[in-house]
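Topology and contacts: notes
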Amino acid sequence: MSIFRILATKPWERNEASLGDLHGGGELSLPTQKIGLFVFLSVVTVLFGLIAAANVMRMKFGDWQPLTDPQMLWVNTGVLAFSSLALQWASVSARRQNLKGLKIGFFLGGVLAVAFLAGQILVWRNLIDSGHVVLGNSANGFFYMITAIHGLHLLGGLWAWGKSAVRIGRGVEIRELRLGVELCTLYWHFLLLVWLGMFALLLRT
Amino acid sequence: MAYVAPAEVDDIELHDPQSFITKYIWSQDHKVIALQYAATAIGIGLVALVLSLLMRLQLGFPGTFSFIDPSSYYQFVTMHGMIMVIYLLTALFLGGFGNYLIPLMCGARDMVFPYVNMLSYWLYLVAVLVLVASFFVPGGPTGAGWTLYPPQVILQGTPGHDWGIILMLVSLIIFIVAFTMGGLNYVTTVLQARTRGMTLMRMPLSVWGIFMATILALLAFPALFVSAVMLLLDRTLGTSFFMPAIISMGETLDYGGGNPLLFQHLFWFFGHPEVYIVALPAFGIVSDLLSVHARKNIFGYRMMVWAIVAIGVLSFVVWAHHMYVSGMNPLFGFFFATTTLIIAVPTAIKVYNWVLTLWRGDIHLTVPMLFAIAFILTFVVGGLTGLFLGNVVVDVPLSDTYFVVAHFHMVMGVAPILVVFGAIYHWYPKITGRMLNDAMGKFHFWVTFLGTYAIYFPMHYLGFVGVPRRYYSIEGTDFIPASAVTLNQSITIAAFIVGVVQILFIYNLIWSYFKGKPSGPNPWKATSLEWQTPQTPPVHGNWGPNRPLVYRWAYDYSVPGAAQDYLPQTMSPDDPIVGGHLGRGDEKDHHS
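How each quantity is defined
Residues numbered from 1 in each chain as written. Chains lettered and ligands numbered in written order. Predicted model: local features only at pLDDT ≥ 70, side-chain atom pairs only at ≥ 80, totals over all residues. Helix = DSSP H or I, 4+ residues; strand = E, 2+ residues; numbered from the N terminus. Rg over C-alpha atoms; globule rule 2.2 N^0.38 Å. Buried ≥ 20, exposed ≤ 12 C-beta atoms within 10 Å, placed from the backbone. Contact = placed C-beta atoms within 7 Å. pLDDT = per-residue confidence, 0-100. Expected span 1.5 Å × (residues − 1). Axes fitted to C-alpha atoms, helices over the stretch in contact; angles between N-to-C directions. Parallel < 35°, antiparallel > 145°, perpendicular 65-115°, else oblique. Left-handed = near helix turned anticlockwise from the far one by under 90°. Nonpolar A, V, L, I, M, F, W, Y, C, P; charged D, E, K, R; others polar. Bend = angle between axes of the 7 residues up to and from the residue.

Right, let's talk about the overall build of chain B for a bit. Along the backbone of chain B there are 14 helices and two strands. Relative to the 2.2 N^0.38 estimate, which gives 25 Å for 592 residues, the radius of gyration of chain B is 25 Å and therefore close to what a compact globule would have. Its C-alpha atoms put chain B at 90 × 50 × 50 Å along the principal axes. Considering chain B as a whole, with its 592 residues, one finds that 56% of them fall into the buried category. Of the contacts made within chain B by residues no fewer than 6 positions apart, 79% connect residues no fewer than 24 positions apart.

So, on to the overall build of chain A. Across its full length, chain A carries seven helices and zero strands. Listed N to C, the secondary structure of chain A is α-α-α-α-α-α-α in terms of helices and strands. In terms of C-alpha radius of gyration, chain A reaches 22 Å, well past the compact-globule figure of 17 Å for 205 residues. Projected onto its principal axes, the C-alpha positions of chain A cover 70 × 45 × 20 Å. For chain A, the proportion of contacts with a sequence separation of at least 24, taken over those separated by at least 6, is 77%.

All names here are of chain B. Across chain B, the average pLDDT comes to 91, with 95% of residues at 70 or higher. Within the model, the stretch residues 1–5 combines pLDDT values under 50 with 17 contacts to residues more than four positions away or in other chains. With pLDDT under 50 throughout, residues 582–592 is counted as low confidence; its partners more than four residues away or in other chains account for 18 contacts. Under the prediction, the complex receives an ipTM of 0.92, its pTM being 0.94.

Glancing now at the environment of P150(B). All names here are of chain B. The topology assignment puts P150 in the loop between α4 (114–133) and α5 (164–192). Taking the C-beta count within 10 Å as the criterion, P150 has 28 such neighbours and is therefore assigned buried. The spacing of P150 and R434 is 284 residues in sequence and 49 Å in space, taken between C-alpha atoms. Look past the residues within four positions of P150 in its chain and what remains in contact with it is L231, D234, F242, M243, P260 and F263.

For helix α6 (residues 138–169) of chain A, with 32 residues, the first-to-last C-alpha span of 45 Å sits near the 46 Å given by 1.5 Å per residue. Residue G171(A) follows α6(A) closely and has a positive phi angle near 80°.

Moving on: unusual backbone geometry. Outside of glycine, negative phi angles account for most residues, and trans bonds account for most peptide bonds. Residue and element names in this part refer to chain B. In this model, P150 is joined to P151 through a cis peptide bond whose omega is 0°. Residue placement: P151 occurs in the loop between α4 and α5. With omega at -10°, the peptide bond leading from T536 into P537 counts as cis. Mapped onto the elements of the fold, P537 is located in the segment after α14 (482–515).

Scored by pLDDT, chain A has a mean of 88; 92% of the residues are at 70 or more. In the model of chain A, helix α2 (residues 16–20) of chain A stands out as the element of lowest mean pLDDT, 55, in contrast to helix α4 (residues 72–95) of chain A, which has the highest, 95.

Moving on to the environment of V92(A). With respect to the helices and strands, the residue V92(A) is situated in helix α4. Each C-alpha atom, one on V92(A) and one on N137(A), is 45 Å from the other, the two residues being 45 residues apart in sequence.

Moving on: the packing of helix α8 (residues 301–314) of chain B against helix α9 (residues 330–358) of chain B. Residue and element names in this part refer to chain B. Where α8 contacts α9, the axes come no closer than 9 Å and their chain directions differ by 155°. When the axis of α8 is compared with that of α9, the two are roughly antiparallel. By crossing handedness, the relation of α8 to α9 is classed as left-handed. Along its contact with α8, which presents M303, M304, A307, A310, I311 and L314, the element α9 presents T339, I342, I343, P346, T347, I349, K350 and N353. In terms of residue class, the contact of α8 with α9 is built from 10 nonpolar, three polar and one charged.

Moving on to helix α6 (residues 205–236) of chain B. Residue and element names in this part refer to chain B. With 32 residues, α6 ought to run about 46 Å at 1.5 Å a step, and its terminal C-alpha atoms sit 45 Å apart, in line with that. By the largest-angle criterion, L218 marks the main kink of α6, which is about 30°, and a proline, P222, follows within four residues. Summarising burial for α6: 30 of the 32 residues are buried, a large majority. At the C-terminal side of α6, G238 shows a positive phi close to 80°.

A separate point is the environment of F136(B). Residues and elements named next belong to chain B. Mapped onto the secondary structure, F136 falls in the loop between α4 and α5. Given 10 C-beta atoms within 10 Å, F136 falls into the exposed group. For the pair F136 and G164, spaced 28 residues apart in sequence, the C-alpha separation works out to 8.9 Å.

Spelled out as structure tokens, the structure:
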């Protein structure tokens, strides 16, 4: 039932008893954990949306000195995209009951994510070495903050990934692994999207 | 119309507590977490109450108390505001009442992610402890005003600019993480864990209010999170997100290129929804109190739900009405004045519906009902002054005067707190199995209600004569008449009377826990699910072997033809008590 139909029901009327009693508890047929994740993702979307908005607002002022885009960010972006792709492979394998594919995809995804984080830290070090400090330049400040917050979110994802990895290592049945793998995959895709958005923002400046 | 049996709902796994520690301290039970949240929030709220009394001492009797210097006065103001808005009201309504009521009112056994829920409380406690710690660091807590506007917030001369502000921002960041954990639970539980037959439109309005407020909070707190992180970076690492090039005390600082107005936009993008994060649960709860104690169904249930949703949506497009004097583009001001006036429409619908619920009801002037009616009066006063301040041309001269102080204390200070009191008097019997003492309750009500009017009503006049807010002292200002000074004294005396009577309330909570009259499971003869639990107070898992079945909405009071004046949500249409009107009656044969 659409949300408008629901909001239009008149619970005090007599025939509502027959309509409403069909209700089976969950409003959506997705697993509860997935809904929890969706709610969380919407919170994170607002978070990055606001940072982007603040960045754009600040860019409009005349004294904005944009960062020269480090070439290495392109490499990192590719690594993150492959990380996401590997997890997608794990997810598909889980659906097809292919344990081997699941394992390879899942571990590859995690390793690539760690590589992405290491790459980001390298970019930071290079920037700091070449004198891009945060003092007196908002563009640099925004860059460091965005990459840091994005990295922290990925780190949180790696914690959940680690929990699933332990379960895979313990030889838990594939049926019970599936949800965890799918949630990781969803989260990775989301963080990839966020990163692409943020990267585009950096390129625009 | 055929009658269909409610569909099956999967039960969730419960983690039964094993020992005292898992039962009462590291508990995953929503009811214990709710009480932990409530106790912590009320505890820190009492600190804020004491701070407000200290402020009043200075305002009523300037210069008499040597321990209140300008710095400490600003620290009292700042911490009072921040604690009351975030650490008391937000935490108490969502963490306290949300945790307690959502699973019970929806017929769930617990929140859907009990472990995350437990984590939410403990992180909230850490946030409170960090906040309290800021009282003890060198320089004391921040005194920048609860809005924490840069650049002054981190400049020399603002109290607490070195340590206090850092702890304040860290505490806010922890609070937001804690709240997000709780908020995920509240939203997902309402969506997914309702019992059989509990459709969205059968939920009590308390759940609707808390549900919508949680969504608002989840979407608004990120703005505070971003501004807190950026301000913290400005303060600690020397970034210039908000700090412009500035000369402070003859010294050119390293900052440059920051935009203070950006902070105001981010802050109020959170700050205005925050008003409704506090108000919507109060709206919901007060609707239920009025309906139960007037023995009448809530007037216009659908309208009430729509209004809650509409207010929730609109609250995100009014934030800049806090910034009319900030120097932003004046055209913005007209846009935000328009949206601000539009949001008065759903709010007014709610007020009319509350009044119409009372009309020809069987009004029982119990203590919860007294508080609920007092809420309507107070909220109308605060809401009407909101219409004044929502208009740019009226706001500009009144901005930063006591008129604003009177407005927001009436509308989001006193009004929600009255609901908090009403709700505690209402649900205390379910939480403890005993009634709160009625005589003490009535005394507490009348002193609090009349006392808060004695405090805030005169402030409107202070505002009109131009007494500015946030001033440590108004001595030596020619335009302020002597009567303003005596008025300030009387306000201070009223504030102390109201403050002291809260001790009686706390005493009542403790005394009644041991000596109160046993309440039985449903002392108010209410219909909603929390009153139908097999045990009072409800045990872990809430419902015994079977979760309840819901056959009707939560407002079947005084139903014509029924044998008693309330029909619990669990009462089947087959029950002889129901009688003809809402029963299946002649349609029995359709049922197989």
